[in-house]
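Residue-level structure breakdown
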Amino acid sequence: MTMSNIQNVTVVGAGLMGHGIAQIFLAAGYQVSLLDPNEDVLSQAPTKIAEIFQLFGLPSDALTRLSTFTDLAQSVANADLVIEAGPEKLAVKRSIFNELAKHTSKDCILATNTSAIPISDIAQGISHPERIVGAHFWNPPHLVRLVEVVQGEQSSLAVIATCIELLNSVGMKSVHVKRDIPGFIGNRLQHAMKREAIALVSAGVCDAETIDDVVKHGFGQRLAVLGPLEQSDLVGLDLTLDIYKTLFPTLDNTSQPPALLEDNVANGRLGMKTGQGFRQWTPQSAEQVKQNLRNFLVEKAKQQLS
Ligand SMILES: NC(=O)c1ccc[n+]([C@@H]2O[C@H](COP(=O)([O-])OP(=O)(O)OC[C@H]3O[C@@H](n4cnc5c(N)ncnc54)[C@H](O)[C@@H]3O)[C@@H](O)[C@H]2O)c1
């Protein structure tokens, strides 16, 4: 399947991620079928998609190319590409992919938006596993451009190349993850930083607010335009090596979830939803953070569109 053969895209699961992914392909001119067994979720999806078009100040007539389904076989009848965004449970994903394999041609590309399940586990026992890949969008997919295209043990390189080309053509920034490892690339980087952040708070070096200040007002300011390895090249690898000789032996390297996190969860300190996590929250302060994030991402996405 080459990119030019792809005309019909089916998104399986119309929840948080699925409706945003559907909007991306509608905006790019594709015929989109959206499937969800939950009729309430499915019936709300067109309105939510229309709201994304409004957010960007775009007309929502693209919705005429959207069809919604509760029946999987019908939803993939003409599919050239399926993106699965169903529940993050291996048994459910395997059963969805079994059905997809039964009702699609062997050339139809089957991609999963799993956050953490190995692609090879989902593809196990499914016919033509070479057309199964990961397509890990970030939340919200219509505002965060990255998609990690993950190569499972049996994924074909031609299918990976088609996915990357297609996703780039619809305005995403797709990258090739060459091994099927937990957390792919982005989540491994993100959580490596959080491991050290939690260790610093646990050791009494600073409080959680200070961690957030250091990232937001320090190196976080430049991360959107200067990646970590670019930054090493910028300052020089000789300096980087000298720093690491002192720093690396002192960095946290525990392999279990941190005790502070376990303790917070065991005591119901789950974050904004309970008013306390690593930091304390009121409904107003939590809403302010969410609003700031939304405004920032919308502004950035608008700049990229213009
Ligand atoms: N939420 C995130 O931040 C995020 C980010 C990246 C990836 N993901 C991944 O994307 C996937 C979807 O996550 P979400 O946050 O959109 O979840 P969600 O719960 O909002 O949506 C999942 C949808 O799947 C539907 N569903 C249930 N059983 C189904 C079935 N058998 N066939 C088809 N659909 C079914 C549900 O009705 C629901 O609407 C998960 O694999 C998740 O790990 C989520």
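Below is a summary of the structure that appears in this document. Everything numeric here is computed off the predicted structure, so don't read it as measured data. (Residues numbered from 1 in each chain as written. Predicted model: local features only at pLDDT ≥ 70, side-chain atom pairs only at ≥ 80, totals over all residues.)

**Details of the overall build of the chain**
Helix and strand counts for the chain stand at 13 helices and 8 strands. Relative to the 2.2 N^0.38 estimate, which gives 19 Å for 306 residues, the radius of gyration of the chain is 21 Å and therefore close to what a compact globule would have. Projected onto its principal axes, the C-alpha positions of the chain cover 60 × 45 × 45 Å. The proportion of buried residues among the 306 residues of the chain is 28%. In the chain, of all internal contacts separated by at least 6 residues, the share reaching a separation of at least 24 is 64%. (Helix = DSSP H or I, 4+ residues; strand = E, 2+ residues; numbered from the N terminus. Rg over C-alpha atoms; globule rule 2.2 N^0.38 Å. Buried ≥ 20, exposed ≤ 12 C-beta atoms within 10 Å, placed from the backbone. Contact = placed C-beta atoms within 7 Å.)

**Focus: the site of the ligand**
Around the ligand, a shell composed of 24 residues is seen, among which Gly13, Gly15, Met17, Ser115 and Asn139 lie nearest. Only α1 (16–27) and α4 (90–103) provide two or more residues apiece to the shell around the ligand. Within the shell around the ligand, the residues separate by chemical class into 13 nonpolar, 9 polar and 2 charged. (Near = placed C-beta within 6 Å. Nonpolar A, V, L, I, M, F, W, Y, C, P; charged D, E, K, R; others polar.)

**Re the sheet that holds strand β3 (residues 66–69)**
The mixed open sheet is built from 8 strands, whose spatial order is β3-β2-β1-β4-β5-β6-β7-β8. Looking at strand neighbours, the two that pair on one side only are β3 and β8 (173–177), the edges of this open sheet. Averaged over all adjacent pairs, the angle separating strand axes in this sheet is 25 degrees, with direction ignored. (Pairing = 2+ DSSP bridges. Axes fitted to C-alpha atoms, helices over the stretch in contact; angles between N-to-C directions.)

These figures capture arrangement, not role.
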